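# Per-entry structural report
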Amino acid sequence: MSRPVEHVFADGAAAAQNLARRIGAVLGEAIAARGVAGIALSGGRSPRPVLKALSGLPLDWGEVVVTLVDERWVAPDHADSNEKLIRETLLTGAATKARFVPMKNDAADAYAGAAACEVAFEALPWPLDIVLLGMGEDGHTASLFPQAKELAEGLSTQARVLAVTPPAAPHQRMTLSAGAIVDSRHIFLQIGGAAKKAVYDRALAGGSVEELPIRLALCQDKVPVEVWISD
Ligand SMILES: O=C(O)[C@H](O)[C@@H](O)[C@H](O)[C@H](O)COP(=O)(O)O
């Protein structure tokens, strides 16, 4: 297992700007090479400045397919919706032309919505060019949480998406499976703060993926991983 390429910044804003530029470069290379670029984005707090910076980059956004790494099973106008985050940060200005494929559908809950989401996700341009991951201080990534009853399924299924009920975090989730996350050309990971850096270092030191699911990305050699680390 090769150590990820690490981009270290004292300042989170500088890390976000650098990450946005790197994403833009990879998307541009993908469009030049294959006429289309696919990216899956995580939700939460960390991506917000990255997505705002990315939305202003001069890309052929009409050839970019944007989707989610995971979603909270709430209405798209709910404050906790990752779709809402994407629409109000990235899909503005020129980036409005990008094709967005949401995870949330009209099913009453994530489990009922998984089959339709799987059909929608099969149509994405796999392997995706970029999967942008975050990480919780418990070592979760996407919505693959330690102690979740669906974790084993998420780590082993051939399906691209599955429904999960986090042990502690709010809302049912839809999440990319581990197999879908590594069906990509680049995995980018954002780590902010000392607590997450310590978990990242522990993940690299070895141990089970069940203990720290972020290891599904860090402890594999199929997809190159780059990590943006800031204080
Ligand atoms: O929907 C989500 O919450 C994310 O996809 C999740 O996996 C996130 O990446 C981590 O929880 C880190 O979140 P923060 O960036 O807010 O710390």
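Keep in mind that this is a model prediction, so the values were computed, not measured.

Tallied over the entire structure, the rule returns one aromatic pair. Of note, Arg 160 hangs over the ring of Trp 126, and the distance from its end group to the ring centre comes to 4.1 Å.

Take the UniProt feature "domain: Glucosamine/galactosamine-6-phosphate isomerase" (unreviewed entry) in the protein chain next. The UniProt entry lists residues 11-219 under the feature "domain: Glucosamine/galactosamine-6-phosphate isomerase" (unreviewed entry), expressed in the numbering used here. Summarising residues 11-219: 37% helix, 16% strand, and an end-to-end C-alpha distance of 27 Å.

Across its 23 residues, helix α1 (residues 12-34) extends 32 Å between first and last C-alpha, which sits within 8% of the 33 Å expected from 1.5 Å per residue. After α1 finishes, the residue Gly 35 shows a positive phi value of roughly 80 degrees.

A word on the sheet that holds strand β6 (residues 130-133). Taken together, seven strands build an open sheet; the order of strands is β1-β10-β9-β6-β2-β3-β5 and the sheet is parallel. The open sheet terminates on both sides in strands that have one partner only, identified here as β1 (5-9) and β5 (99-101). With strand direction ignored, the average angle separating the axes of adjacent strands in the sheet is 20 degrees. Both strand β3 (residues 64-68) and β5 contribute to a ladder of three bridges, which runs parallel. Paired with Val 65 across the bridge in β5 is Arg 99.

Turning to the packing of α1 against helix α2 (residues 47-55), a few remarks are in order. Between α1 and α2, the least distance of the axes is 8 Å, while the angle of their chain directions is 50 degrees. Accordingly, the angle class assigned to the pair α1 and α2 is oblique. Crossing hand, α1 versus α2: right-handed. Residue-level inspection shows Ala 16, Gln 17, Leu 19, Ala 20, Ile 23 and Gly 24 of α1 in contact with α2, the latter providing Pro 49, Val 50, Ala 53 and Leu 54. When grouped by side-chain class, the residues that make up the contact of α1 with α2 number eight nonpolar, two polar and no charged.

This part is about the pattern of salt bridges. Under the criterion given, the structure shown has 15 salt bridges. Among the salt bridges present, the one from Glu 211 reaches Arg 202, with a minimum N-O distance of 2.8 Å. Judged by relative accessible area, which is 37%, Glu 211 ranks as partly exposed. Arg 202 gets classed as partly exposed once you look at its relative accessible area, which sits at 41%.

Membership of the largest hydrophobic core comes to 79 residues, with the highest contact counts inside it found for Ile 23, Leu 90 and Leu 176. Among residues more than four places away in sequence, those in contact with Ile 23 are Ile 39, Val 50, Leu 54, Ile 130, Leu 132 and Phe 188.

What counts as what
- Residues numbered from 1 in each chain as written.
- Predicted model: local features only at pLDDT ≥ 70, side-chain atom pairs only at ≥ 80, totals over all residues.
- Heavy atoms only, no water.
- Phe/Tyr/Trp six-rings, centres within 6.5 Å; stacked < 30°, edge-to-face > 60°.
- Lys NZ or Arg CZ within 6 Å of the ring centre and 35° of its normal.
- UniProt positions renumbered as here; feature names shortened; annotations may be inferred.
- Helix = DSSP H or I, 4+ residues; strand = E, 2+ residues; numbered from the N terminus.
- Expected span 1.5 Å × (residues − 1).
- Pairing = 2+ DSSP bridges.
- Axes fitted to C-alpha atoms, helices over the stretch in contact; angles between N-to-C directions.
- Parallel < 35°, antiparallel > 145°, perpendicular 65-115°, else oblique.
- Left-handed = near helix turned anticlockwise from the far one by under 90°.
- Contact = heavy atoms within 4.5 Å.
- Nonpolar A, V, L, I, M, F, W, Y, C, P; charged D, E, K, R; others polar.
- Salt bridge = Lys/Arg side-chain N within 4 Å of Asp/Glu carboxyl O.
- Buried < 20%, exposed > 50% of the residue type's maximum accessible area, 1.4 Å probe, protein only.
- Core = buried A, V, L, I, M, F, W, Y, C linked by side-chain atoms within 4.5 Å.

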